[in-house]
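Observations on chain architecture
Letter by letter, the chains look like this.
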Amino acid sequence: MIKQNILFYMNSDYPNTIELCVRGIVVGDEGMLVCRNKQKDYYFFPGGHVEFGETTAEALQREFQEEIGVGVRKSEFIGIVENIFLDDAYDAACSYFYC
């Protein structure tokens, strides 16, 4: 089933691109920090796209400043997750960090 889906996407008008992004996981005494997309009604960890020439650490710092107005003092790499967003027709490889 998975192999058939991959072949379908490779042979369709689905773009052959992948976007890089970073996400920060922040856990405190009162819970976990998440952001909410009100238009599509889903939650996600704060972060965003890595710009060309930017390191993931720089992107994480910039995105936290832009989205929630705070800097990242310390971060630890957790792993990478690839997501395929069929509705928006793109793939994203997100690096996750514990902040």
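Source: prediction; values computed, not measured.

Definitions and cut-offs
- Residues numbered from 1 in each chain as written.
- Predicted model: local features only at pLDDT ≥ 70, side-chain atom pairs only at ≥ 80, totals over all residues.
- Heavy atoms only, no water.
- Helix = DSSP H or I, 4+ residues; strand = E, 2+ residues; numbered from the N terminus.
- Expected span 1.5 Å × (residues − 1).
- Buried < 20%, exposed > 50% of the residue type's maximum accessible area, 1.4 Å probe, protein only.
- Phe/Tyr/Trp six-rings, centres within 6.5 Å; stacked < 30°, edge-to-face > 60°.

Let us now look at helix α2 (residues 56–68). For α2, built from 13 residues, the straight-helix expectation of 18 Å at 1.5 Å per residue is met to within 8% by its first-to-last C-alpha distance of 18 Å. Three or more residues of α2 are buried, namely A59, L60, R62, E63 and F64. G69, located one to two residues past α2, shows a positive phi value of around 75°.

Each aromatic ring pair is summarised here by two numbers: the centre-to-centre distance and the angle between the ring planes. Inspection of every chain in the model, using the stated rule, returns three aromatic pairs. Centroid distance F45 to Y96: 6.2 Å. Interplanar angle 90°. Geometry classified as edge-to-face. One end of the pair, F45, is in the loop between β5 (42–44) and β6 (47–49); the other, Y96, is in strand β8 (residues 90–98), with 51 residues separating them in the sequence. Aromatic side chains F77 and F97 sit 5.6 Å apart centroid to centroid with 65° between the ring planes, which places their arrangement in the edge-to-face category. Of the two residues, F77 sits in strand β7 (residues 76–85) while F97 sits in strand β8, which places them 20 residues apart along the sequence.

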